[in-house]
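# Geometric and topological summary
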Amino acid sequence: MDTTHHYNSKQDRGAHFNRTANSSTQTIHRPFEYNGLENAEKLETGATKGARKSTWEGDDSYFLAKTQAMADARKIYLKTFIGGGLLIVLTIFGVFSIYWGSLWKIPDHPLNGWVVDYDGGDVGQFVTQQVMASSNKAISWTTYSASDIGDLDRLKNDITEEKAWVAIAINAGASSRLNDALQNPTSTYNGSSAVTVYGAEARNENGYRSMVSPTVIKTLDAVSLQFALRFAQQTSSSHASSLASIISASPQLLVSPISYTMINLRPFDEPVASAATFVGLIYLLILSFYIVMIGDGARTASGMTKLLSYGGMVRLRLVSSVIAYFFLSLFYSLVNVAFQVDFTRKFGHAGFVVFWMVNWAGMMAVGLALESLFTILTARFIPFFMIFWIISNVSVCVYPIQALPKVFHYGYAAPFYNVSRAFRTIAFNTKNQLGLNFGVLIAWVAISCITLPIFQWIVWRRHLRASNDAQ
């Protein structure tokens with residue numbers, strides 16, 4: 001039978017459709033025409049709305065429903081949500097306290113400072129005695145003779161090599177120049193040539209600015225004032241007849257017979273470098289964490305977790321992470337170049353390559369640790385370790401470790417600290433310990449290369465047993 005029908009108009013087609021759809025009632029009031037707005041309203045007010053109400057507003061589908069299925073789901077949800085919240089609270093008190101603790105008693109131990117008397121006269125003896133008596137929580141002073149240290153060049157080298165945080169040198173001839181100026185007053189006398197202070201801000205700019213510089217200034221201002229008072233009294237009694245001519249020709253001789261000059265041997269003169277010594281280190285770790293999560297997602301999406309053998313999985317995770325860190329560390333290093341950080345002070349134009357390698361080693365050190373522990377912590381708990389990993393590293397990079405409580409001496413082995421130290425050597429020509437810095441970072445990489453296969457084996461065997469039990 002030929003079931004093909006032909007319709008000459010839109011009305012014929014509509015009428016046929018309505019007759020077919022309503023054959024049980026045989027009532028056709030008007031031909032069918034599509035009206036988008038009208039049909040949309042029907043969807044909202046008809047069966048679809050009823051279904052939606054059944055789905056979202058039914059008695060058995062809201063959060064406090066009394067069905068057994070909802071009760072079980074609600075119990076699991078609350079247990080997971082509240083348990084996670086309590087874990088965050090424990091993280092706040094247990095992990096955040098590390099950072100707060102590193103700042104709580106600054107300084108918990110004094111930094112070391114030297115007083116070197118190159119003068120040997122009255123000025124040298126007075127300044128040495130007064131400074132030694134002023135040792136405090138910020139700086140503990142030790143006195144040396146000129147023969148113990150050597151000349152000023154040797155002293156400056158000792159400061160840049162970080163044998164002391166600061167050195168006060170009473171310059172040779174300070175006493176004789178003062179006496180000569182007293183006998184022959186002159187307007188050219190400059191008391192600040194008596195004492196010179198040497199420091200290196202780039203060693204740790206926060207420690208230098210908050211501990212070293214303020215302490216030295218306060219101490220030497222007090223010493224200069226005390227010497228001026230004593231000198232004025234002595235001069236008024238021993239040179240009473242010529243006092244007026246001294247005041248007229250050289251008033252600074254009585255007002256400031258001795259003063260000091262501060263020389264910053266390694267200034268932290270690039271503010272943008274703070275990004276690479278502190279906040280940028282956090283970014284390095286976060287980028288490493290992204291690679292961990294991206295790698296896990298890629299393995300799951302591709303099915304590699306089921307296709308690869310144990311050895312293949314370990315090699316894939318290590319090799320892909322190391323390669324990713326290689327290129328990410330390059331792009332991170334280029335950001336510093338874009339903002340004109342000077343890498344030429346220590347190694348010339350090779351400084352950028354050294355900086356890149358430091359960042360690569362740093363990313364591997366922190367990133368492979370995350371990769372390793374992700375195996376057993378999984379995506380559920382790895383963020384808590386990442387918070388601990390960030391804070392434990394950052395806490396030892398703000399102020400000098402020597403000034404922190406001794407529990408923070410773990411910082412000498414922390415990845416962030418060694419990356420920061422290496423960068424300071426490259427950018428500011430501070431003490432060169434790149435061998436030690438790279439050694440510490442590579443040691444962290446080696447630890448992760450050992451622990452990752454172990455953790456992967458544990459998880460692999462666990463999944464293997466679960467698969468066998470299921471069969």
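An unreviewed UniProt entry annotates the protein as DUF3533 domain-containing protein originating from Leucocoprinus birnbaumii.

## Some remarks on the overall build of the protein
Assigned secondary structure in the protein consists of 19 helices and five strands. With 471 residues in all, the protein has 40% of them scored as buried. Sequence separation of 24 or more characterises 76% of the internal contacts of the protein that already satisfy a separation of 6 or more. Surface summary for the protein: the accessible area is close to 25600 Å², and the carbon and sulfur share equals 62%.

## Things to note about the pairing of strand E3 (residues 166–170)
For E3, the tally of buried residues reaches five of five residues, placing the bulk of the element in the interior. Sheet topology note: the strand E1 (residues 111–117)/E3 ladder contains five bridges and is parallel. Among the inter-strand pairings, Val 116 is bridged to a residue of E3, identified as Ala 169. Bridging between E3 and strand E4 (residues 195–199) involves five bridges; their strand directions are antiparallel.

## Some details on the sheet that holds strand E2 (residues 139–145)
What the five strands build is an open sheet, ordered E2-E1-E3-E4-E5; its pairing is mixed. What marks the edges here is a single partner per strand, and that holds for E2 and strand E5 (260–264). Averaged over all adjacent pairs, the angle separating strand axes in this sheet is 20°, with direction ignored. Pairing between E4 and E5: five bridges, direction parallel. Bridging from a neighbouring strand, Thr 196 pairs with Thr 261 of E5. Packing against the sheet, helix H10 (residues 205–238) makes contact with E1, E2, E3, E4 and E5, and its axis sits at approximately 165° to E5.

## Points about the packing of helix H13 (residues 274–302) against helix H18 (residues 415–428)
For any two helices packed against each other, the geometry is given by the interaxial angle and the distance between the axes. Orientation of H13 relative to H18, taken along the N-to-C sense of each, is 130°, at an axis distance of 10 Å. On the basis of the axis angle, H13 is oblique to H18. Crossing of H13 over H18 shows right-handed handedness. When H13 is examined against H18, the residues Ala 276, Thr 277, Leu 281, Ile 282 and Leu 285 are found in contact with a partner set consisting of Phe 416, Val 419, Ser 420, Phe 423 and Arg 424. Of the residues in the contact of H13 with H18, the class split is seven nonpolar, two polar and one charged.

## Overview of the environment of Asp 342
Position of Asp 342 relative to the elements: it lies in the loop between helix H15 (310–338) and helix H16 (344–347). Classification of Asp 342 as partly exposed rests on a relative accessible area of 26%. Excluding residues that lie within four positions of it along the chain, Asp 342 makes contacts with Glu 270, Ile 426 and Ala 427.

## Thoughts on the pattern of salt bridges
Overall, the coordinates contain 12 salt bridges when judged by the stated rule. For Asp 158, the salt bridge is made with Lys 163, and the minimal N-O distance between the two is 3.4 Å. By relative accessible area, Asp 158 is classed as buried at 4%. Residue classification places Lys 163 among the partly exposed residues on the basis of a relative accessible area of 47%. The partner of Glu 162 in a salt bridge is Arg 421, with the nearest N and O atoms 2.8 Å apart. Taken together, the residues span a long stretch of sequence, with Glu 162 in the loop between helix H8 (152–160) and E3 and Arg 421 in helix H18 at a distance of 259 residues. A relative accessible area of 14% places Glu 162 in the buried class.

## Looking at the packing of aromatic side chains
For the structure shown, the criterion picks out 23 aromatic pairs. Centroid distance Tyr 310 to Trp 460: 6.4 Å. Interplanar angle 65°. Geometry classified as edge-to-face. Highlighted residues: Tyr 310 in helix H15 and Trp 460 in helix H19 (residues 434–470), separated in sequence by 150 residues. Assessed through its relative accessible area of 24%, Trp 460 is described here as partly exposed. Note on Phe 385 and Phe 388: the rings are 6.2 Å apart at their centroids and 45° apart in plane angle, and the pair reads as tilted. On the criterion of helical spacing, the pair formed by Phe 385 and Phe 388 is a turn pair, its members being three residues apart in helix H17 (residues 351–394). Judged by its relative accessible area of 17%, Phe 385 falls in the buried class.

## Some details on unusual backbone geometry
The residue after Ile 106, namely Pro 107, is reached through a cis peptide bond having omega -5°. Mapped onto the elements of the fold, Pro 107 is located in the loop between helix H5 (96–104) and E1. In this model, Glu 162 sits at a positive phi of 65°, which is unusual for a non-glycine residue. Unlike most non-glycine residues, Asn 429 shows phi in positive territory, near 60°.

## Points about the UniProt feature "transmembrane region" (unreviewed entry) in the protein
Here the UniProt feature "transmembrane region" (unreviewed entry) sits at residues 76–100, 272–293, 314–335, 347–370, 382–401 and 438–460. Segment residues 272–293 splits into 91% helix and 0% strand. End C-alpha atoms: 30 Å apart. Summarising residues 438–460: 100% helix, 0% strand, and an end-to-end C-alpha distance of 33 Å.

## Focus: a nonpolar patch on the surface
Judged by side-chain polarity, Tyr 62, Phe 63, Leu 64, Tyr 77, Leu 78, Phe 81, Ile 82 and Leu 86 come together as a nonpolar surface patch covering roughly 840 Å² of accessible area. Following the sequence through the fold, Leu 86 ends up in helix H4 (residues 68–94).

Criteria and cut-off values
Residues numbered from 1 in each chain as written. Predicted model: local features only at pLDDT ≥ 70, side-chain atom pairs only at ≥ 80, totals over all residues. Heavy atoms only, no water. Helix = DSSP H or I, 4+ residues; strand = E, 2+ residues; numbered from the N terminus. Buried < 20%, exposed > 50% of the residue type's maximum accessible area, 1.4 Å probe, protein only. Contact = heavy atoms within 4.5 Å. Areas by Shrake-Rupley, 256 points an atom, 1.4 Å probe, with all protein chains shown as cover. Pairing = 2+ DSSP bridges. Axes fitted to C-alpha atoms, helices over the stretch in contact; angles between N-to-C directions. Parallel < 35°, antiparallel > 145°, perpendicular 65-115°, else oblique. Left-handed = near helix turned anticlockwise from the far one by under 90°. Nonpolar A, V, L, I, M, F, W, Y, C, P; charged D, E, K, R; others polar. Salt bridge = Lys/Arg side-chain N within 4 Å of Asp/Glu carboxyl O. Phe/Tyr/Trp six-rings, centres within 6.5 Å; stacked < 30°, edge-to-face > 60°. UniProt positions renumbered as here; feature names shortened; annotations may be inferred. Patch = residues over 30% accessible without salt bridge, like charges linked within 9 Å, V, L, I, M, F, W, Y side chains within 5 Å.

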